[in-house]
Amino acid sequence: ELAPAEPALAHPLSPSRQARGPAVRSPLGDDGTERFKRGRLIHALLQTLPDLALDRRTAAAEAYLALPGHELDHEQQAAILTETLSVLNDPNFAELFGPGSRAEVPMVGLLGPSDDGKPVVVSGQVDRLLVSDVEIAVIDYKTNRPPPADEDHVAPLYLGQMAAYRALLRGVYPDRPVRCLLLWTDGPQVMTLSDAILDAASP
């Protein structure tokens, strides 16, 4: 069980809030409000659609994207729908959205101690967590366009986020390896982060 946070005695670290990463312009607009609309919508669909039957996903996504509050034209709706379903329908990603996986899993725990001897509080939310008998997989969605070509070019904030999650999960599941993945929706493609690069980014 994850240890309760003790903010009065430790340094807080919130990976989900820290890992905003580099600003990436979206084709939906150039101002600050519109720039990340595409990413937010894809994230919401990846969170909810896996819980629906396959034959209901397209209709549900179309209805969601057509909501007036999103202010999307038909072309924009179709582009987001295509990108989202290409992820969910890719057989290479099937296990990440299958039985045993959960969306939006909160994680709180203590790591450390840090350089001054105090533990570090980690509080965040995993985009998707897969728990199986042989491994634990933690997945974070990224909508950067274009995505980095390899892990050496992943934003340090993203690496720090995943390293913190890995450390917490290793404490909960010491008998199984923890695999950390970034799912880049542009492509789509899944990037598995090596232990070496996560060790270097560990809090």
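Caption draft 1: Seen up close, the packing of helix H3 (residues 37–48) against helix H4 (residues 54–65). Closest axis-to-axis distance for the H3/H4 pair is 11 Å, and the angle between their directions is 145°. In the crossing of H3 with H4, the sense of the turn from one axis to the other is right-handed. When H3 is examined against H4, the residues Leu41, Ala44 and Leu45 are found in contact with a partner set consisting of Ala61, Tyr64 and Leu65. Counted by class, the contact of H3 with H4 contains six nonpolar, no polar and no charged residues.

Caption draft 2: Local environment of the pairing of strand E6 (residues 189–193). Bridge count between strand E5 (residues 178–184) and E6: five bridges; the pairing is antiparallel. Counted as the bridge partner of Cys180 is Leu193 from E6. Taken together, E5 and the strand that follows it, E6, pair antiparallel across an intervening segment of four residues, in which Gly187 is found at a positive phi of about 145°.

Caption draft 3: Looking closely at helix H6 (residues 156–172). With 17 residues, H6 should cover 24 Å at 1.5 Å per step; its first-to-last C-alpha distance of 25 Å lies within 8% of that length. What H6 keeps buried is the set Tyr158, Leu159, Gln161, Met162, Ala163, Ala164, Tyr165, Arg166, Leu168 and Leu169.

Caption draft 4: Fine view of the nonpolar core. Within the largest apolar cluster, 27 residues are counted, with the highest numbers of intra-cluster contacts made by Val138, Met162 and Leu193. Only strand E2 (101–111), strand E3 (120–131), strand E4 (136–142), H6, E5, E6 and helix H7 (195–201) provide two or more residues apiece to this core. Broken down by element, this core gets its largest block of residues, eight residues, from H6. When near neighbours in sequence (up to four residues on either side) are disregarded, Leu193 contacts Glu151, Leu159, Met162, Cys180, Leu182 and Leu198.

Caption draft 5: Quick peek at the pattern of salt bridges. Applying the stated criterion across every chain, the model contains eight salt bridges. The closest approach of N and O atoms between Arg38 and Glu83, which form a salt bridge, is 2.8 Å. In this pair, Arg38 sits in helix H3 while Glu83 sits in helix H5 (residues 74–88), placing the two residues 45 residues apart along the sequence. Relative accessible area serves as the criterion here: at 5%, Arg38 is assigned to the buried category. With a closest N to O distance of 2.6 Å, Arg179 and Glu135 form a salt bridge. Here Arg179, found in strand E5, pairs with Glu135, found in the loop between E3 and E4; they are 44 residues apart in sequence, far enough to count as distant. Owing to a relative accessible area of 16%, Glu135 belongs among the buried residues under this scheme.

Calculation rules
Residue numbers here run from 1 along each chain, matching the order of that chain's written sequence. Predicted model: local features are reported for residues with pLDDT of at least 70 only, side-chain atom pairs are reported and counted for 80 or more only, and whole-chain, interface and lining totals are derived from all residues. Water and hydrogen atoms were dropped before computing side-chain values, which therefore reflect all heavy atoms in the structure. For every element, the axis is a line fit to its C-alpha atoms; helices are fit only across the contacting stretch, and the angle between N-to-C directions ranges from 0 to 180 degrees. Put simply, DSSP H or I for four residues or longer makes a helix, DSSP E for two residues or longer makes a strand, and each gets a number counted from the N terminus. By convention, the crossing between two helices is left-handed when the near helix turns anticlockwise from the far helix through less than a right angle, and right-handed when the turn is clockwise. By definition in these notes, contact holds between two residues if any of their heavy atoms fall within 4.5 Å. Nonpolar residues are Ala, Val, Leu, Ile, Met, Phe, Trp, Tyr, Cys and Pro. Charged residues are Asp, Glu, Lys and Arg, and all others, Gly as well, are polar. In short, DSSP must find at least two bridges between two strands for them to pair. Helices are assigned an expected span. That span is 1.5 Å times one less than the residue count. Per-residue accessibility, obtained with a 1.4 Å probe over protein chains only, is compared with the maximum for each type, and a residue is labelled buried under 20%, exposed over 50%, and partly exposed between these values. Here, nonpolar core means buried Ala, Val, Leu, Ile, Met, Phe, Trp, Tyr and Cys residues that are tied together by side-chain atoms lying within 4.5 Å of each other. The term salt bridge refers to a side-chain nitrogen of Lys or Arg lying within 4 Å of a carboxyl oxygen of Asp or Glu.

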